[in-house]
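Here is how the chains run, residue by residue.
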Amino acid sequence: MPEVTSHITVGIIGSGQMGQGIAEVFLLHGYNIFIYDTNNQNLNNADHALRGRLNRSHEKGIIDTNQKACLLNNITPCSNLAQFASCNLIIEAIIEDFDTKISLLKKLGAYQNDSCILATNTSSFSITSLAKHTKNPEHFLGIHFFNPVHRMPLVEIIPHKATHPNVTTTLTQLITSIGKTPITCQDSPGFIVNRLILPLINQAIQLLESGVATADAIDMAMTLGANFPMGPLALADFIGLDTCLSILTTLSKSSHDPSLEPSFLLKSYVAHGKLGRKSGEGFFCYSK
Ligand code: NAD
């Protein structure tokens, strides 16, 4: 696989939980990776983690010494978006904030080559609205990975009305080439998975807020009673509470459904920097 794909360069913008995970799967399937973040610490952490992952794959005998050397050469942490001019595919995976994403998409227009496919990993924003701020809307679409990227097989692919059909086909093939299962859906708030899961997470937080049960009891009820692999509050911590808040805000605005209004407790946790696993504390505590 590495020999076949190393001529394709995938640029990833945002090196948080998702950007790092997306970089890892493309890297392990032989793609050339450029990764950029405005936060140098996050970029360094991602670079370190990606190199560590390759070393562990080598130790386990999954890749040989030559492959390891080749794959290590395929990681380029970037300090400037101008370096993305040679990318065949750029994936935007920065924070779930609409204005920040728009500002990045506008800036990117100066560097994106004409054949490059640009995809956003947004969890809930309208692909059509984001497309208006891109240089080439025909080459723009949504590509929604799940966390943790190396374990979750699904990727939602979300073209908007003006996305060229060849772009959707090419992206679908690329996703299949990294061992993931793509499904295509129309541009709609929360797409499929988040549209179904986030209302449940919000209800679980409201149960906690109203004192019906403890966080442990709510999660245990859903793992033991509904056979969920993980309780809704642990899942919220995993996704990131800031990301959950942003998705619920988008879902409630688009549906005018009061039950989707983000709960006070969720807003308060985010305001106090309790973002779930990535900050070390959310509904549960995590050692970093
Ligand atoms: P995160 O908070 O872990 O990482 C976000 C990264 O974006 C940070 O490293 C931050 O420094 C960087 N960033 C912020 N502004 C930037 C800019 N202008 N340019 C470059 N980098 C910038 O968030 P995450 O969980 O990785 O989520 C990233 C995206 O993926 C969001 O759109 C989110 O909705 C989506 N997503 C998240 C999940 C999940 O479960 N966490 C799942 C699917 C999709």
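Residues numbered from 1 in each chain as written. Predicted model: local features only at pLDDT ≥ 70, side-chain atom pairs only at ≥ 80, totals over all residues. Heavy atoms only, no water.

Peer 1: I keep staring at the domain arrangement of the chain and nothing clicks. Help me out?
Peer 2: Where the parts come together, the accessible area they lose is often given as the size of the interface. If you check the domain split of the chain, you get domain 1 (9-184) and domain 2 (194-271). Each of domain 1 and domain 2 has a C-alpha centre, and these two points are 27 Å apart. Listed as interface residues are eight residues of domain 1 and, on the opposing side, seven residues of domain 2. Both sides together, the interface formed by domain 1 and domain 2 hides about 670 Å², and carbon and sulfur atoms give 51% of it. Of all residues in domain 1, E96, S123 and S124 give up the largest surface area on contact with domain 2, accounting jointly for 49% of the area buried on that side. Viewed at the interface, domain 2 and domain 1 are joined by zero salt bridges. At the surface where domain 1 touches domain 2, the tally comes to five residue pairs in polar contact (both at pLDDT 80 or more). (Domains from an automatic or database assignment. Contact = heavy atoms within 4.5 Å. Buried area = accessible area lost by both parts, 1.4 Å probe. Salt bridge = Lys/Arg side-chain N within 4 Å of Asp/Glu carboxyl O. Polar contact = N/O pair within 3.5 Å; in protein donor to acceptor, adjacent residues only side chain to side chain.)

Peer 1: Is there a simple way to explain the pattern of salt bridges in this structure?
Peer 2: Note that side chains of opposite charge can pair when their charged atoms are close. Following the criterion strictly, the structure yields eight salt bridges and no others. Between E96 and K101 there is a salt bridge, with the nearest N and O atoms lying 3.7 Å from each other. Accessibility assignment for this pair places E96 and K101 in one class, buried. We note a salt bridge from D114 to K135, for which the minimum N-O separation is 3.5 Å. You can see D114 sitting in the loop between α5 (98-108) and β5 (117-120) and its partner K135 sitting in the loop between α6 (127-131) and β6 (140-144), a full 21 residues away along the chain. Classification of K135 by relative accessible area gives partly exposed; the value is 40%. Three or more residues are tied together by salt bridges with common partners; here these are E92, E96 and K101. (Buried < 20%, exposed > 50% of the residue type's maximum accessible area, 1.4 Å probe, protein only. Helix = DSSP H or I, 4+ residues; strand = E, 2+ residues; numbered from the N terminus.)

Peer 1: Would you mind showing me how to read the side chain of T163 here?
Peer 2: Tracing the backbone shows T163 in the loop between β7 (154-159) and α7 (165-177). Within polar-contact distance, the side chain of T163 engages the backbone oxygen of F140 at 2.8 Å. A polar side-chain atom of T163 sits 2.9 Å from the main-chain amide nitrogen of H160. With residues near it in sequence (within four places) discarded, T163 still touches P137, E138, F140, L141 and T168.

Peer 1: What am I meant to see in the site of the ligand here?
Peer 2: Not every one of the 24 residues close to the ligand is listed here, only the nearest: D37, N42, E96, S123 and I239. In the model, an oxygen atom of the ligand is placed 3.0 Å from a nitrogen or oxygen of the Q17 main chain. The contact in question runs from an oxygen atom of the ligand to an N or O atom on the side chain of D37, over 2.6 Å. Bound to the protein, the ligand loses 90% of the 830 Å² it would expose on its own. (Near = heavy atom within 4 Å. Areas by Shrake-Rupley, 256 points an atom, 1.4 Å probe, with all protein chains shown as cover.)

Peer 1: What exactly am I supposed to notice about unusual backbone geometry here?
Peer 2: A negative phi holds for most residues other than glycine; trans holds for most peptide bonds. In the segment running from N147 into P148, the intervening peptide bond is cis, with an omega of 0°. Mapped onto the elements, P148 comes out in the loop between β6 and β7. The phi dihedral of H256 falls on the positive side, at around 55°, and the residue is not glycine. With respect to the helices, strands and loops of the structure, H256 is situated in the loop between α11 (241-255) and α12 (264-271). Its relative accessible area of 69% is what places H256 among the exposed residues.

Peer 1: Could you clarify how one ought to interpret the nonpolar core in this entry?
Peer 2: The nonpolar side chains of a soluble globular protein tend to be buried with one another. Core analysis: the largest hydrophobic core is formed by 35 residues, its most contacted members being V10, I22, F26, I33, L89, I91 and F145. Looking at which element gives the most residues to this core, the answer is helix α2 (residues 17-28), with six residues. Not counting chain neighbours up to four residues away, the residues in contact with F26 comprise V10, Y31, I33, L89, I91, F145 and I178. (Core = buried A, V, L, I, M, F, W, Y, C linked by side-chain atoms within 4.5 Å.)

Peer 1: I tried to follow α5 on my own but got confused; where do I start?
Peer 2: Three or four residues apart is the spacing at which side chains of an α-helix point the same way, because the helix has 3.6 residues per turn. Among all positions in α5, only K101, I102, L104, L105 and L108 are buried. Along the long axis of α5, the arc covered by the buried residues comes to 165°, so they all point the same way. In α5, the exposed positions angled more than 90 degrees off the buried face are occupied by D99 and K106. Contacts made by the buried residues of α5 are with β1 (9-13), β4 (89-92), β5, α6 and β6. (Arc of directions from axis to C-beta.)

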